[in-house]
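Letter by letter, the chains look like this.
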Amino acid sequence: MKKGRKTQQMTFSTEFRPEVLTRTLMFSPLFCEQPRNETDKRFDAAKFHWDEAKVKVLLVVRRYCVSQVDITGHTLTDYKYKDIEYMAKVADHPGAFVVAAGGFGRLHMFLTEQRDDVMKAIILASRSNIGYDIAVHRDLITQHDFLERRLGKYSDDDSITSLTEFKVQKHTPRYLEPAPRILALSENCIIERDPSTYIVVTIRPLSEVFALIRYTNDPQRFSIEYVNGIVRKYSATERDALLCSILDGVRASGNRDVCVKMTRTNRGQRLGPLHLPVEEEVESQYLKYLVNTPPSVQFHEAVEKFNSNVAYSGLNHAVSSEGIFSENKEKLINGSLTALLMKEGDQSSLPNDRLEEQFHALRRLVASKAGYEAFTSLTNFQGDSWEEGGSSPPQEGRRDQPCLCGLLVRPHAAHARHYDLRQEQMNKSSLLSSKPFLEMVLEPLKTHVRVGGVGLVVSSILDFFTFAVCPPYSETTEAEKFDMVLELISGLGRTVFKLFQHPSLAIVKAAGLIMKAIIEEGTPEMAKKMQDLALAEGALPRHLHTSLFTASSDNRLLTHR
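How each quantity is defined
Residues numbered from 1 in each chain as written. Predicted model: local features only at pLDDT ≥ 70, side-chain atom pairs only at ≥ 80, totals over all residues. Heavy atoms only, no water. Helix = DSSP H or I, 4+ residues; strand = E, 2+ residues; numbered from the N terminus. Rg over C-alpha atoms; globule rule 2.2 N^0.38 Å. Buried < 20%, exposed > 50% of the residue type's maximum accessible area, 1.4 Å probe, protein only. Contact = heavy atoms within 4.5 Å. Areas by Shrake-Rupley, 256 points an atom, 1.4 Å probe, with all protein chains shown as cover. Lys, Arg positive; Asp, Glu negative; His and termini not counted. Charge placed at Lys NZ, Arg CZ, Asp CG, Glu CD. Pairing = 2+ DSSP bridges. Axes fitted to C-alpha atoms, helices over the stretch in contact; angles between N-to-C directions. Core = buried A, V, L, I, M, F, W, Y, C linked by side-chain atoms within 4.5 Å. Salt bridge = Lys/Arg side-chain N within 4 Å of Asp/Glu carboxyl O. Arc of directions from axis to C-beta. Parallel < 35°, antiparallel > 145°, perpendicular 65-115°, else oblique. Left-handed = near helix turned anticlockwise from the far one by under 90°. Nonpolar A, V, L, I, M, F, W, Y, C, P; charged D, E, K, R; others polar. pLDDT = per-residue confidence, 0-100. Patch = residues over 30% accessible without salt bridge, like charges linked within 9 Å, V, L, I, M, F, W, Y side chains within 5 Å.

*Asks:* Just to check I follow, could you spell out the overall build of the chain for this structure?
*Replies:* Counting its regular elements, the chain contains 22 helices and 18 strands. Against the globule reference of 24 Å for 561 residues, the chain gives a C-alpha radius of gyration of 27 Å, in line with a compact fold. Seen through its C-alpha atoms, the chain measures out along the principal axes to roughly 80 × 65 × 40 Å. Per-residue burial for the chain yields a buried fraction of 50% across its 561 residues. In the chain, of all internal contacts separated by at least 6 residues, the share reaching a separation of at least 24 is 59%. Accessible surface, the chain as shown: approximately 28,400 Å² in total, 51% of it carbon and sulfur. In the chain, the 70 positive side-chain charges and the 71 negative ones have mean positions that sit 6 Å from each other.

Below is the structure:
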């Protein structure tokens, strides 16, 4: 840095050096002069496209990445050096080489008369600017190898076989108009296919999904945010059914940190990369921010920063460690919950984005052992009375079902050493004690199923009742409350059967589990009522028809069959 006539130099050390340098060089034109002796190197090339066409491009070797630029000068994509795993030459194509990037060996092939110069420029730029050495494989690959391994370690049949599919429009700078795509889910990946050829355009593992963005100003628009910072934008007529399926698939793959939001993550508020949890000191700092918000920071900003730094699955450092100077994490979490409930403001007049931030923070706090236990120990958490619609949970019933699910069953059950069945029983006893409250939770289900409304709300309400009456969760539900919940659900009547026709398999599955509980655990009268409704709805012949005569290219229907 220049200070008058002198130049001051500062040295830093971090385990995220490639990430820090990449980000700094990306934005460096905004805050510093560019080196006069360093210019981007440009090479004419052709990209071997997913449909095997050769598209003319310009490869621009920059200080932090190699950019793929079209003939109009528009940047199509950047391959950041820190994300490039290796490069290799192609044996049966003069001038061809592949770049493996993305963290799972995804291959991209380019053809150029200056192959050696391009590869040397990339290696040199990465080493001198990022301090990262890109390997070059000695063994050549063939075009056949490239086509077989184009999708990296997800080239196998299990990864590319669709379990559910939706038609979408992809919004990307590559095309002037939205590109039609089939967005599919496999066991472990999100797949984009070309609808006319069914070729896989791109693939990403479900484990790398960070958040789903559901825009409020357009009923069809949504985005998928990945841990590497990439955001892909789409629109779909069945947006909420699609989001339900993605959410279910991502969580089934073992990724518990994904959630649905209205806005993108503010990267400037997170102290670290998205793919790794923040340090214990950072979590503690933002917990303290909720309790004692600095004068220069508004409370809603403190809540937003807390959410940006703490995973949706909860605090990673939620238990007090041994030691004289160690923090009392339980006290800190209880204090944060109290502050959140005391400073929540008028819930009926708060903007939707701030309301969402509050419930996301609440969900993160109750995912910890101390937060889960606080539900029965903090008086202002439950309010004075369920019947009077006390403070938070009755309002949550209208706005945020996932938070109720987190109070009903421990979200952090994977941490077995902290598991307490007695606490789960106490929470369930409290949450399921009021019939009016449960009826209020069921009301949006009836409304949304009748009018074909928000699938995400339907899915969350079904999760809530699954945790109450379906095994193995029902083992901690008291018999009296279990019977009351079953009676309320069976009272939905035809609403339950309509769920079996929903386009989201996650909702169909949940409806099936609840129906099974009613039949196996309910009274003979309940079973008889369900039988009569099944006859009235023609459930058996309809399901038989689906099973025996489904002939469609829509994999969702084949999965139903």
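Here the narrative resumes, following the displayed structure.
*Asks:* How do you make sense of the pairing of strand β16 (residues 221–226) when you look at a structure like this?
*Replies:* The element β16 is largely enclosed, with a buried count of five among its six residues. Here strand β15 (residues 209–214) runs beside β16; their pairing, made up of five bridges, is antiparallel. Opposite L212, over in β16, you have I224 as the bridge partner. Direction of pairing for β16 relative to strand β17 (residues 231–235): antiparallel, over a ladder of five bridges. Note on β17: the bridge partner recorded for R221 is S235. Taken together, β16 and the strand that follows it, β17, pair antiparallel across an intervening segment of four residues, in which G229 is found at a positive phi of about 95 degrees.

*Asks:* What should I look at first to understand the sheet that holds strand β4 (residues 54–61) in this one?
*Replies:* Strand pairing in a sheet is mediated by backbone hydrogen bonds. Such pairs are either parallel or antiparallel. The strand order across the open sheet formed by eight strands is β6-β5-β4-β3-β9-β8-β7-β10, and the pairing between neighbours is mixed. With partners counted over all chains shown, the strands left at the sheet margins are β6 (75–80) and β10 (135–136), one partner each. Here strand β7 (residues 84–89) pairs with β10 via two bridges, running parallel. From the neighbouring strand, Y86 faces β10, where its bridge partner is A135. Against the sheet, helix α2 (residues 115–130) contacts β3 (41–48), β4, β5 (65–69), β7, β8 (96–101) and β10, and its axis sits at roughly 160 degrees relative to β7.

*Asks:* It is not clear to me how the nonpolar core should be interpreted in this structure. Could you clarify?
*Replies:* I224, F381 and F465 are the most contacted members of the largest nonpolar core, which has 100 residues in total. Beyond its immediate sequence surroundings of up to four residues, F465 is in contact with L438, V441, L442, C470, V485, I489 and I514. The next biggest cluster of nonpolar side chains, apart from the first, holds 25 residues, and it includes Y81, V99, V118 and A125.

*Asks:* What's the story with the environment of M526 in this structure? I'm lost.
*Replies:* With respect to the secondary-structure elements, M526 resides in helix α20 (residues 524–537). You can call M526 buried: its relative accessible area is 11%. Remark: the alpha-carbon pair of M526 and E487, spanning 39 residues in sequence, is separated by 7.4 Å.

*Asks:* Help me understand the pattern of salt bridges in this model?
*Replies:* Two side chains carrying opposite charge are able to pair once their charged atoms lie near each other. Enumeration according to the criterion identifies 17 salt bridges in this entry. Here R239 ties to D240 by a salt bridge, and the two come within 3.7 Å at their closest N and O atoms. Grouping residues by exposure puts R239 and D240 together as buried. Several salt bridges converge on common partners, so that one network encompasses E19, R23, K82 and D83.

*Asks:* Got a minute to help me understand the sheet that holds strand β13 (residues 189–193) in this structure?
*Replies:* Read from one edge of the open sheet, eight strands run β14-β13-β12-β11-β17-β16-β15-β18, paired in mixed fashion. Where the open sheet ends on each side, the last strands, each with one partner, are β14 (200–205) and β18 (260–261).

*Asks:* Explain helix α14 (residues 421–431) to me, please; I cannot follow it from the model alone.
*Replies:* Each α-helix turn comprises 3.6 residues. Residues three or four places apart therefore point the same way. Looking only at α14, the buried set comprises Q423, E424, N427, K428, S430 and L431. All buried residues of α14 lie within an arc of 160 degrees about the axis, which places them on one face of the element.

*Asks:* Explain the environment of H144 here, please?
*Replies:* Within the fold, H144 resides in helix α3 (residues 143–149). Judged by relative accessible area, which is 53%, H144 ranks as exposed. Along the sequence, H144 and L535 sit 391 residues apart, while their C-alpha atoms lie 56 Å from each other.

*Asks:* It is not clear to me how the packing of helix α16 (residues 455–469) against helix α19 (residues 505–521) should be interpreted in this structure. Could you clarify?
*Replies:* Between two packed helices, what matters for the description is the angle formed by their axes and the separation of those axes. Put simply, α16 and α19 touch, their axes get as near as 9 Å, and they point 30 degrees apart. Between α16 and α19, the interaxial angle falls into the category roughly parallel. As for the relative orientation of α16 and α19, their crossing is left-handed in sense. Of the residues in α19, those in contact with G455, V458, S459, L462, F465, T466 and V469 of α16 are I507, A510, A511, L513, I514 and A517. Of the residues assigned to the contact of α16 with α19, the class counts are ten nonpolar, three polar and no charged.

*Asks:* Would you mind going over the confidence of the model for the chain with me for this structure?
*Replies:* Close inspection of predicted coordinates is inappropriate for parts of the model with low pLDDT. Considering every residue of the chain, the mean pLDDT works out to 86; 90% of them sit at 70 or more. Considering only residues more than four positions removed or in separate chains, one finds that residues 384–399, a stretch of pLDDT under 50, has 45 contacts.

*Asks:* Sorry if this is basic, but what is going on with unusual backbone geometry here?
*Replies:* With glycine set apart, most residues show a phi of negative sign, and most peptide bonds adopt trans. With an omega of 0 degrees, the peptide bond between P471 and P472 qualifies as cis. The residue P472 is located in the loop between α16 and α17 (479–490) in this model. A positive phi angle is found at E52, which is not glycine, with a value near 70 degrees. Structurally, the position occupied by E52 is in the loop between β3 and β4. A positive phi angle is found at Y198, which is not glycine, with a value near 65 degrees. Inspection of the secondary structure assignment puts Y198 in the loop between β13 and β14. Of the residues examined, Y198 reaches a relative accessible area of 36% and is grouped as partly exposed.

*Asks:* Quick question: what am I supposed to make of a negative patch on the surface here?
*Replies:* A cluster of like negative charges, contributed by D156, D157, D158 and E187, occupies part of the molecular surface. Mapped onto the elements, D158 comes out in helix α4 (residues 157–160). Judged by relative accessible area, which is 56%, D158 ranks as exposed.

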